[in-house]
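Single-letter residue listing:
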Amino acid sequence: MPIALTLAGLWAERMARAFWPAWTMLLLGLAPLIMGWQDRARPEAVLGFAVLGVLALVWALWRGLRRFRAPHRDDAIARVDARLPGRPIAALEDDQAIGAGDSASETVWRVHMQRMSEQTRAARAVEPNLRLSRADPYGLRYIALLVFVVALLFGSLLRVGSVVETRLGDAGQLATGPAWEGWVEPPAYTGKPTLYLADLEGRTIRAAEGALITLRLYGDVGELSVSETVSGRSDEVPADTGVQQSFEVTQSGSLEIKGEGGGTWDVTMVSDAAPEVALTGPVDIEASGEMAQPFRATDDHGVFAGEARIALDLTEVDRRHGLAIDPDPREPLVVDLPMPISGDRADFEESLIDDFSRHPWANLPVTLTLTVEDAVGQSGTSTPEQMRLPGRRFFQPVARAVIEQRRDLLWAKANAPRVAMVLRAISYRPDELFDNETSYLRLRVTLRRLEAEMEDGLSDAAQDEITQALWELAVLLEEGSLADARDRLERAQERLAEAMRNGASDEEIQQLMNELREAMDEYMRMLAENADPAEDGTDQPDSGQDNRQVTQNELDALMDRIQELMEEGRMAEAQQLMEQLNQMMENMRVTQGEGGGGPQSPGEQSMQDLAETLRDQQQLNDDSFRQLQDQFNQGQQQGRQGGQQQGQQQGQQPGGEGQPGQPGQNGQQGQGMGQGDNTQQGMTGDGGQGGEATGEGTLADRQNALREGLNQLRDALPGLSGEAADRAGEALGQAEDAMEGAEEALRGGDMAEAIDRQSEAMDALRDGMRNLGEALAENQQDQLQQGQGTQQGRAEGRPEPGRRDPLGRQMGNSGQFGSDESMLQGEDVYRRAEELLQELRDRSSDQQRPDLELDYLRRLLDRF
């Protein structure tokens, strides 16, 4: 069998080398004939091309016959034998030349022949060498093949037969005789190819609706005429003898070219079906309020576009409170449906992803209707789906109340007085409801803007501006901007408890649990930083009877159990575990890590100083905002009372709020946070001095001091290199420029501009701190890689600032390795985990390592 296959390969190899010019000439000659060039060219040119083609083909065959050598079986045997070690096939044909008649020699010879026979069993067929690059360096055979394939795609083999009808003696008749051409061009959106009528003569043609039929008639006018019933122009259309005709297919019928050499076709019109669309599953809602509605759309030729129409389902709305009155007219919400960027649009599935949390109908009953359209203009509509328009849910009580009033104000402008009354009631006792002054001040400014706009009628622009302010206030109350980790932890616990009482989706539970874990980690770090170092210099907790050491694993297990119970709907048990977690946090004793006792490194000191600068800038921003509110209140009171009550206001108690005829409210409000409508002393950031000019000047001086302090901090930064260090320097420079702008605005009395520039300064400070932290981490890693360290610290066993153990963890007070520090912070968590896992695999594959270490590495790999 190997010999036969090798022989066949030899035939293929030698024929390819000898006759490749022949089939190259054949393909080049057939390509123009398949394309039909002979029907358009002059007969002389066709005959000349035929003669040249035949001569070239004869020459190629003659050349091939001269060079072709038929292979024999011996050639195949020799090629197979050459691939075997020792050429055993040739050895089997040898005879014993020495030692004939000697029994020992003959025995050796027989053993040799037996071994050669066994080696022949490993014979395999040898593949032929069909490479012709040396014989055809320009690739002419590939060019001929490409031209032939293109001709097959765009031409027809039936046209080759027309060359035999070309005769030189009939040239005059061909030039003057009747001829025609015709095409059926489907609409572009179908993606179908153009049909050539000459190839389809006598057959039934299936043409899409709107297909364009084009005919060209040659010869004398009147010798050929066209008769058709597919355009629907009239019942009886006389024969048309025009040279070129075009018409669209609008119905099934017949097409006929009358005259010598004409043709007849039956045309069946294929109608374009309307597209269809339907929802394929329930809506998926993220905790942030983003929705994802899956749907499926189909069309025979592809969907062109689509839209989703969301309309308020007024019959399903709970018409109470702010929704009791009729809503303001509002057009249905229309959004475009996502379409596939690539691929077939005839049948696809996509998801409508959007966030409608800020829409007036968020969390209200609506109907969702999807509509898709094809290229013709036909449309398909899904069955209206009743649902609540997904939106972000708020769990913090005050934030929920604010967002409800925002909804009522968007529902109808007539709700403005009711909204103002409710917001004023919310701010009645600010010390009991608001955790910081910023949220309360924003609420008061928004409330006064609403009451001022109500006097002249609430405009659309004012409505949008006020509702935007209410949304930002609700988000601030819900998420908070707390600098104190303990307050953030309590806020996360309160939100989780509120979610337990009101019910929450799995996504919302996941988000709240993530916030609780982050707040827990931050709180534990805060305790570690503020704890006093142990007197004995160890990392062990105090052995007091009231102290309890809680590990991070215990806290994680407890929070995982709380999340599991909430997802199962067992809210009572989850609430009990939540109370147990609160008790543990109250009694917990966190051990102090590195930095609690020893001196801080320059980088750590810089980070701490920048954090203090950021807190001071935040406090200055709050004071500036309070000053702006006091100026607004003073101007409003002066506008209402004409400047006559200014002297009376100076004799009133600070914080007196309320309107004329409401003395009780004034007194009660003064017991709150002390933020009233009147200008208040002691709260303008001026060190207790009243007066607008003095307050602004003092604020400007404080801003100047912060800017100078930041400048000194920039000069004292440790020398770091890298992109992160450069970004940190640029960010701190931007912060200093923003502080300078805020100072100039404060001295000029432009409080609004000052607040904006202070916000820019705080953002730049945060960016600078983040980049500086990255630069310190990179510098520390470089030092570890270079083996740098303090030899004295190693000798005495004391912890070295910035030194880490072999696993990258910081050392404790006693210098012992290991800590609870999270080593996977940032966005590269999964990349770092993959690197560690790969390192474990590499070490476990090193068989030179001790058996004990290999066993430990295998157990680690089995676990992860």
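Residues numbered from 1 in each chain as written. Predicted model: local features only at pLDDT ≥ 70, side-chain atom pairs only at ≥ 80, totals over all residues. Heavy atoms only, no water.

Undergrad: When you look at the overall build of the protein in this model, what are you seeing that I'm missing?
TA: Scanning the protein from terminus to terminus reveals 25 helices and 17 strands. Each of the 864 residues in the protein was classed as buried or not, and the buried ones make up 37%. In the protein, once contacts between residues fewer than 6 apart in sequence are set aside, the share between residues at least 24 apart is 69%. A total accessible area of about 48900 Å² is found for the protein, and carbon and sulfur atoms account for 49% of it. (Helix = DSSP H or I, 4+ residues; strand = E, 2+ residues; numbered from the N terminus. Buried < 20%, exposed > 50% of the residue type's maximum accessible area, 1.4 Å probe, protein only. Contact = heavy atoms within 4.5 Å. Areas by Shrake-Rupley, 256 points an atom, 1.4 Å probe, with all protein chains shown as cover.)

Undergrad: Help me out: how do you make sense of the pairing of strand β7 (residues 253-258) in this one?
TA: Working note: regular strand, side chains alternate between the two faces of the sheet. Taken together, the four bridges between strand β5 (residues 225-228) and β7 define a ladder with antiparallel strand orientation. Across the sheet, the residue bridging to E228 is L255, located in β7. Sheet topology places β7 next to strand β8 (residues 263-270); five bridges connect them, and they run antiparallel. Bridge pairing links I257 to G263 in β8. Taking the residues between adjacent antiparallel strands as the criterion, β7 and β8 are bridged by four residues, where G259 takes a positive phi near 125°. (Pairing = 2+ DSSP bridges.)

Undergrad: What is the right way to look at the packing of aromatic side chains in this model?
TA: For any pair of aromatic rings, geometry is given as the distance between the ring centres together with the angle between the planes. Using the criterion set out here, one finds six aromatic pairs in the structure. Centre to centre, the rings of F19 and F68 are 5.9 Å apart; their planes meet at 45°, and the pair counts as tilted. Residue F19 is found in helix α1 (residues 2-35), and its partner F68 is found in the loop between α2 (43-67) and α3 (73-83); the two are separated by 49 residues along the sequence. Both residues of the pair, F19 and F68, belong to the buried class. Seen in terms of ring centroids, W180 and W265 are 5.5 Å apart; in terms of plane orientation they differ by 80°. Their pairing is edge-to-face. Placement of W180 in strand β1 (residues 179-185) and of W265 in strand β8 is noted, with a sequence separation of 85 residues between them. With respect to class, W180 is no different from W265; both count as buried. Taken together, the aromatic side chains of W11, F19 and F68 make up a single cluster linked through ring pairs. (Phe/Tyr/Trp six-rings, centres within 6.5 Å; stacked < 30°, edge-to-face > 60°.)

Undergrad: Would you mind showing me how to read the packing of α1 against α2 here?
TA: Each packed pair of helices is defined by two parameters, the angle between the axes and the distance between the axes. It is at 7 Å that the axes of α1 and α2 come closest, and there the two elements cross at 165°. By the angle between their directions, the pair α1 and α2 is classed as roughly antiparallel. Here α1 runs over α2; the crossing is left-handed. Between α1 and α2, the residues in contact are A18, F19, P21, A22, M25, L26, L28, G29 and P32 and F49, A56, L57, A60, L61, R63, G64, L65 and R67, respectively. Considering only residue class, the contact of α1 with α2 consists of 14 nonpolar, two polar and two charged. (Axes fitted to C-alpha atoms, helices over the stretch in contact; angles between N-to-C directions. Parallel < 35°, antiparallel > 145°, perpendicular 65-115°, else oblique. Left-handed = near helix turned anticlockwise from the far one by under 90°. Nonpolar A, V, L, I, M, F, W, Y, C, P; charged D, E, K, R; others polar.)

Undergrad: Explanation requested: the sheet that holds β7 in the structure shown.
TA: As a general point, the strands of a sheet are linked pairwise by backbone hydrogen bonds and lie either parallel or antiparallel. Sheet architecture is open: four strands sit in the order β3-β8-β7-β5, paired in mixed fashion. The outermost strands of the open sheet, each flanked by one partner alone, are β3 (204-208) and β5. If you compare each strand with its neighbour and ignore which way they point, the axes differ by 25° on average.

Undergrad: Help me out: how do you make sense of the packing of helix α8 (residues 397-411) against helix α12 (residues 460-479) in this one?
TA: For the pair α8 and α12, interaxial distance at closest approach is 8 Å and the crossing angle is 165°. Judged by the inter-axis angle, α8 sits roughly antiparallel to α12. Along this stretch, α8 crosses α12, giving a crossing that reads as left-handed. Where α8 approaches α12, its residues V398, A399, V402, I403, R406, L409 and L410 are matched on the opposing element by Q463, I466, T467, L470, W471, L473, A474, L477 and E478. Classifying every residue of the contact of α8 with α12 by side-chain character gives 12 nonpolar, two polar and two charged.

Undergrad: How should I be thinking about a negative patch on the surface in this particular structure?
TA: A cluster of acidic residues, D74, E93, D94 and D95, forms a negative patch on the protein surface. Relative to the helices and strands, D95 is located in the loop between α4 (88-92) and α5 (103-120). For D95, a relative accessible area of 67% puts it in the exposed group. (Patch = residues over 30% accessible without salt bridge, like charges linked within 9 Å, V, L, I, M, F, W, Y side chains within 5 Å. Salt bridge = Lys/Arg side-chain N within 4 Å of Asp/Glu carboxyl O. Lys, Arg positive; Asp, Glu negative; His and termini not counted. Charge placed at Lys NZ, Arg CZ, Asp CG, Glu CD.)

Undergrad: What is the right way to look at a nonpolar patch on the surface in this model?
TA: A cluster of nonpolar side chains, contributed by M25, L28, W59, W62, Y138, L140, I143 and V147, occupies part of the molecular surface with about 830 Å² of accessible area. Contributions of two or more residues to the nonpolar patch are made by α1, α2 and α6 (140-154). Considering every element that reaches the nonpolar patch, the biggest residue donor is α6, with three residues. Mapped onto the elements, Y138 comes out in the loop between α5 and α6. Y138 sits in the exposed class, given a relative accessible area of 70%.

Undergrad: What's the story with the environment of L496 in this structure? I'm lost.
TA: Residue placement: L496 occurs in helix α13 (residues 485-502). Taking the relative accessible area as the measure of exposure, L496 reaches 0% and is therefore buried. Considering only alpha carbons, one finds L496 and I509, 13 residues apart in sequence, at a separation of 7.8 Å. Residue contacts for L496: discarding those within four places in its chain leaves L512, M513, L516, I562, M566 and M578.

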